[in-house]
Amino acid sequence: MSRNYLTLPTLSLRFIPVWRRNYLVWKKLAIPAILGNLADPMLYMLGLGYGLGSLMPSVAGVPYIAFLAAGTVCYSTMNSATFEVLYSGFSRMHVQKTWDAILNTPLTLDDVVLGELVWASTKSLLSGIAILVIIWALQLQASFWLSLWIIPVVVLIGFCFSGMGLVMNAVSPSYDFFLYYFTLVITPMVLLCGVFFPVSQMPAILQNIAAFLPLTHAINLVRPLMLGHIPTQAWLHVMVLIAYGAAGFYIALGLTRKRLLS
Amino acid sequence: MSVLSAQHLRKSYGDQAVVDGVNLAIEKGQCFGILGPNGAGKTTTLRLLLGLIAPDSGQIQMFGHAIPQQAREVRQRVGVVPQLDNLDPDFSVIENFMVYGRYFGLSKTEIAQRIPALLDFAGLSNRADAKIQDLSGGMKRRLTLARALVNDPDLIFLDEPTTGLDPQARHLMWQGLRRLLNQGKTIILTTHFMEEAERLCDRLVILDHGRLIAEGAPRELIAQHIEPCVTELYGENIAHWRDSFAAQLCARHENVGETLFCYSSDGAALMQNLHTQTHLRFLHRPASLEDVFLKLTGRELRD
């Protein structure tokens, strides 16, 4: 009768109190949290965009800062989701034992992990929108109406990287462990997936690797929308982001069940 | 009918049977104790009963529902005080009630109505807006208990509720638990403190190596396993005294380090003798649950 950790998730609206708990904590420090999340990507975008951009004629046919804007939205959303499920999620699961407390109520671990996933996606949506507001203020987008489509893509990006990050959370013995994920997964994606320069500038082998990485697909959706085109192969990119996020969530749930409920 | 019953519970990790054939039946309104040395399987038993982990074999019924299959429904009527406080440090005292109550699907108004009584129960009425970090250990423990009552549970699990508390805080906790019992609640607690079990529990089991080795009311267990009086003798000459008098004055005796434990039915003759032995220090007392516990589980360290 041993529990099967790989049973499909039971999804229910019971996750809402978990989401709400995290929201209430965030709300207490909302303004500094938003500014803190915004500062780093904004400075990269403005510094590199104007500084480095002034040395370049144009990238992919547009001013460098407009090229960089789409990458910044994606990587800022990715970072926000990743930090939330890794560091904050780990605090709640392992350090503060908040999850243990919740598991003694009618909520199940499936509810808790789903709540964390939705919360991290929500928080990363706020980060993505914050950067978009800067972009709109600087008029870096080609078409405002088309750039509004970036918002649902940001939700997908947040979902994708929250799901992936939850796997790391499930297996981590301590905060230090997350450094591997940043060094081996997040940083390579930032450098290979087209945040700062077109993927086509790289050798073929690196392009092939990039084609499998989710951030590439995020950027392939956001950049055209920013520069005033409809993305090509949009459904492929959408499906890749959903697949990474859903697989991550499923694997993370199985590993977390094993970690907390055995 | 039992509020909670378990038959033939087994749970192993690797080769080690942590819970090995446990049977329990707990009646409504009882305070039921689960005692045992470190590593005896107490916490695992609680986690099984709560449906947090699935047993390898055996059945559990709580309020007529099968556990762990229907644990979600049943937990609506259950409160849990874990071994380590897991109050939410990001919230104040009142916010802890609010957030925790929502996990049970309670509305804001329902929770708000219950908060004054819960604060009063925890003795924290004047600390409603305090941060968790600013509370003492005893306050946190009482708040954890009060938080477990937010859904007005019929059955309350407490895992070592008074470990680490000073005597004042411990007595306050006991008073709180007695109030709950007077209200007709059922309590299941694990503890290392025999005094606590003796005071609070109607019935208890002693668990060792995952098996039940004794079961009954505290008084019954003492009467069953230990002579009514225990005399502890200390001093350098106890060996000499033992060889001269122990066989004659004690029903049973044992040496533990520098101490001689004498068990007797009334101890009058023993007392008379000891008052003439001015070089011996001694303590004469009624037999306690601790004597039973040590007799059954042995005196070696378990960690």
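Remember, it's a predicted structure, so these values are computed and weren't measured experimentally.

## Regarding the environment of B:Val256
All names here are of chain B.
Okay, step 1: Inspection of the secondary structure assignment puts Val256 in strand 12 (residues 252-256).
Okay, step 2: Looking at Val256, the relative accessible area reads 26%, which means it is partly exposed.
Okay, step 3: When the C-alpha atoms of Val256 and Ala117 are compared, they prove to be 49 Å apart, with 139 residues separating the residues in sequence.

## Things to note about the interface of chain B and chain A
Okay, step 1: Across the contact, 27 residues belong to chain B and 27 residues belong to chain A.
Okay, step 2: Buried surface at the junction of chain B and chain A, both sides included, amounts to about 2500 Å², of which 53% is carbon and sulfur.
Okay, step 3: When the buried surface of chain B facing chain A is broken down by residue, B:Arg72, B:Arg102 and B:Tyr103 rank first, second and third, together holding 30% of it.
Okay, step 4: Counting across the interface, chain B meets chain A through four salt bridges.
Okay, step 5: One salt bridge in this structure joins A:Arg21 and B:Asp88, with 2.6 Å as the shortest N-O distance.

## Some thoughts on the sheet that holds strand 12 of chain B
Residue and element names in this part refer to chain B.
Okay, step 1: Strand order in the open sheet formed by four strands is 12-13-11-14, with antiparallel pairing between adjacent strands. The open sheet has two edge strands with one neighbour each: strand 12 and strand 14 (281-286). Each adjacent strand pair in this sheet contributes to an overall mean axis angle of 20°, direction not counted.
Okay, step 2: The pairing of strand 11 (residues 229-234) with strand 13 (residues 259-264) spans six bridges and is antiparallel. Each residue of the ladder has a partner; that of Leu233, found in strand 13, is Leu260.

## Some points on the pairing of strand 1 (residues 2-13) of chain B
All names here are of chain B.
Okay, step 1: Pairing of strand 1 with strand 2 (residues 16-27), which is carried by nine bridges, proceeds in the antiparallel orientation. Counted as the bridge partner of Lys11 is Val19 from strand 2.
Okay, step 2: In this antiparallel pair of consecutive strands, strand 1 and strand 2, the connection spans two residues, and Gly14 shows a positive phi of 65°.
Okay, step 3: Bridge count for strand 1 against strand 4 (residues 57-62) is five bridges, and the pairing is antiparallel. Bridging across to strand 4, Arg10 finds its partner in Ser57.

## Overview of the nonpolar core
Okay, step 1: Membership of the largest hydrophobic core comes to 167 residues, with the highest contact counts inside it found for A:Leu215 and B:Phe157.
Okay, step 2: Leaving out residues up to four positions away in the same chain, B:Phe157 has contacts with B:Leu4, B:Leu46, B:Leu49, B:Leu50, B:Met62, B:Val78, B:Gly79, B:Val80, B:Val81 and B:Ile188.
Okay, step 3: Counting residues in hydrophobic clusters, the runner-up holds 12 residues, among them B:Trp241, B:Cys250, B:Cys262 and B:Leu274.

## Concerning a nonpolar patch on the surface
Residues and elements named next belong to chain A.
Okay, step 1: A contiguous nonpolar patch, built from Val171, Ile251 and Leu255 and spanning about 210 Å² of accessible area, is present on the exposed surface.
Okay, step 2: Of note, Val171 is situated in helix 7 (residues 150-171).
Okay, step 3: On the accessibility criterion, Val171 (37% relative accessible area) is partly exposed.

## Remarks on the packing of helix 5 (residues 109-137) of chain A against helix 7 of chain A
How two helices sit against one another is set out by the angle between their axes and by the gap between those axes.
All names here are of chain A.
Okay, step 1: Put simply, helix 5 and helix 7 touch, their axes get as near as 8 Å, and they point 140° apart. Taken together, helix 5 and helix 7 sit at an angle that is classed as oblique. Crossing geometry of helix 5 relative to helix 7 is assigned as right-handed. Each of Val113, Glu116, Leu117, Ala120, Ser121, Ser124, Leu125, Gly128, Leu132 and Trp136 in helix 5 lies in contact with helix 7, whose residues at this interface are Ile150, Ile151, Val154, Val155, Gly158, Phe159, Ser162, Gly163 and Leu166.
Okay, step 2: Partitioning the contact of helix 5 with helix 7 into residue classes produces 12 nonpolar, six polar and one charged.

Each value, and the rule that gives it
- Residues numbered from 1 in each chain as written.
- Chains lettered and ligands numbered in written order.
- Predicted model: local features only at pLDDT ≥ 70, side-chain atom pairs only at ≥ 80, totals over all residues.
- Heavy atoms only, no water.
- Helix = DSSP H or I, 4+ residues; strand = E, 2+ residues; numbered from the N terminus.
- Buried < 20%, exposed > 50% of the residue type's maximum accessible area, 1.4 Å probe, protein only.
- Contact = heavy atoms within 4.5 Å.
- Buried area = accessible area lost by both parts, 1.4 Å probe.
- Salt bridge = Lys/Arg side-chain N within 4 Å of Asp/Glu carboxyl O.
- Pairing = 2+ DSSP bridges.
- Axes fitted to C-alpha atoms, helices over the stretch in contact; angles between N-to-C directions.
- Core = buried A, V, L, I, M, F, W, Y, C linked by side-chain atoms within 4.5 Å.
- Patch = residues over 30% accessible without salt bridge, like charges linked within 9 Å, V, L, I, M, F, W, Y side chains within 5 Å.
- Areas by Shrake-Rupley, 256 points an atom, 1.4 Å probe, with all protein chains shown as cover.
- Parallel < 35°, antiparallel > 145°, perpendicular 65-115°, else oblique.
- Left-handed = near helix turned anticlockwise from the far one by under 90°.
- Nonpolar A, V, L, I, M, F, W, Y, C, P; charged D, E, K, R; others polar.

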